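Residues per chain are reported as follows:
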Amino acid sequence: MAVAKKIPYIIDKPMGFCPGCGHGVVIRLIAESLEELGQDNNIIFGIGVGCSSLLGGGLNADRQHCPHGRAGAVCTGMKRVNPENIIISYQGDGDAYSIGIGESTTAAYRNEHFTTIVINNTNYGMTGGQMSQTTLPGQKTSTTVGGRDCDITGFPMRFPEMIAHSFNPAYVARGSIANIKDIHQAKKFIKKAIEVQISGEGYSFVEILSPCPTNWHMSPIQAMKHIENVIKPYFPIGEFKLPKADT
Ligand SMILES: Cc1ncc(C[n+]2csc(CCOP(=O)(O)OP(=O)(O)O)c2C)c(N)n1
Ligand code: SF4
């Protein structure tokens, strides 16, 4: 008989995401990783603005809700002042790559010693599904009703590839939660990012491709297939920068 896995200690209450949203899955992976690494009483989250901020409502852990896009700067400060704590910034693609692109880039550029986890759902989920930096070419959103025209907007940003190839961060990966295999792999990436922070090697960054069924106007199952068939080909999953122990 299958044994139900207990909910990690730092997940305190339901968090209010839409049915089929990916945020809850990723938060569970983060919480499990922290628990397995014995860091669940040593964590401070820097929480972005967006649906990511719903994390704060159900969390039995220290956290700072950051101004929109500024989690990279806030977490830099928190880690420098509290080097013994594990610091994770938890942000959406709009928060991290649009309004917060300066702070996100600077944290990676300076190889700050904390971990960033970005939920890439290819839109601004909380505010009604507007175009973000990762909206796919031709994707219909509430601000690109005819589909994203990259001649006007520029092309979607592949932030993990950009920082892995331009700077010298300790660890960079992109995962997905489109299926069970991907979820297991995403957990390995998240856990490795936290291990890199524990070892003091530098900045660790994981982007997760995640469904937003509400603004994609899809059922939860259609949204998972959409990641598999449409989003993953544009945003390949894998590790782009390995920590020293893996090289
Ligand atoms: C300075 C500022 N500008 C704009 C907003 C409105 N706003 C709130 S959440 C959000 C988008 C968040 O999108 P994303 O980071 O992709 O997260 P998601 O909701 O998709 O998880 C915006 C534009 C705000 N709260 N503050
Ligand atoms: S709007 Fe999208 S990202 Fe926000 S909770 Fe709903 S499904 Fe999740």
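Draft legend 1. Layout of the sheet that holds strand β3 (residues 86–92). Read across the open sheet, the 7 strands follow the order β2-β1-β3-β4-β6-β5-β7; overall the sheet is mixed. Looking at the sheet topology across the chains shown, the edges are occupied by β2 (62–65) and β7 (238–241). Neighbour-to-neighbour, the strand axes of the sheet open up by a mean angle of 20°, direction not taken into account. For β3 and strand β4 (residues 115–120), the ladder comprises 5 bridges, and the chain directions are parallel. From the neighbouring strand, S89 faces β4, where its bridge partner is T116. Of the strands in this sheet, β5 (171–176), β6 (204–209) and β7 are in contact with helix α6 (residues 159–166), which crosses β5 at around 160°.

Draft legend 2. Focus on the site of ligand 2. Taken together, F17, C18, C21, H23, C51, N121, G125, C212, P213, T214 and N215 make up the full set of residues adjacent to ligand 2. Tallying contributions element by element places helix α8 (residues 213–216) first for the shell around ligand 2, with 3 residues. When its residues are assigned to classes, the shell around ligand 2 shows 6 nonpolar, 5 polar and no charged.

Draft legend 3. Looking closely at the pairing of β6. Where burial is concerned, most of β6 is hidden: 6 out of the 6 residues are buried. With burial as the criterion, each face of β6 is covered, one bearing S204, V206 and I208 and the other bearing F205, E207 and L209. Note: β4 against β6, 6 bridges, orientation parallel. Looking at the pairing, I119 lines up with I208 of β6. Relative to β6, β5 runs parallel, the two sharing 6 bridges. Following the sheet pairing, S176 is matched in β6 by L209.

Draft legend 4. Region of interest: the pattern of salt bridges. Summed over the entire model, instances satisfying the criterion amount to 15 salt bridges. For D12, the salt bridge identified is with K13, shortest N-O distance 3.5 Å. Using a relative accessible area of 42% as the deciding quantity, one classes D12 as partly exposed. Across the pair E161 and R174 runs a salt bridge, and its minimum N-O distance is 2.8 Å. Taken together, the residues span a long stretch of sequence, with E161 in helix α6 and R174 in strand β5 at a distance of 13 residues. For the pair E161 and R174, a shared accessibility class is recorded, and that class is buried.

Draft legend 5. Spatial organisation of the site of ligand 1. Near ligand 1, the surroundings consist of 17 residues, among which H23, C51, G94, D95 and G125 are the closest. Within the backbone of G125, an N or O atom sits 2.7 Å from an oxygen atom of ligand 1. A distance of 2.9 Å separates an oxygen atom of ligand 1 from a polar backbone atom of M126. For ligand 1, whose accessible area on its own is 600 Å², the fraction buried by protein is 71%. Looking at the shell around ligand 1 residue by residue, the class counts come to 5 nonpolar, 10 polar and 2 charged.

Criteria and cut-off values
Residues numbered from 1 in each chain as written. Chains lettered and ligands numbered in written order. Predicted model: local features only at pLDDT ≥ 70, side-chain atom pairs only at ≥ 80, totals over all residues. Heavy atoms only, no water. Pairing = 2+ DSSP bridges. Helix = DSSP H or I, 4+ residues; strand = E, 2+ residues; numbered from the N terminus. Axes fitted to C-alpha atoms, helices over the stretch in contact; angles between N-to-C directions. Contact = heavy atoms within 4.5 Å. Near = heavy atom within 4 Å. Nonpolar A, V, L, I, M, F, W, Y, C, P; charged D, E, K, R; others polar. Buried < 20%, exposed > 50% of the residue type's maximum accessible area, 1.4 Å probe, protein only. Salt bridge = Lys/Arg side-chain N within 4 Å of Asp/Glu carboxyl O. Polar contact = N/O pair within 3.5 Å; in protein donor to acceptor, adjacent residues only side chain to side chain. Areas by Shrake-Rupley, 256 points an atom, 1.4 Å probe, with all protein chains shown as cover.

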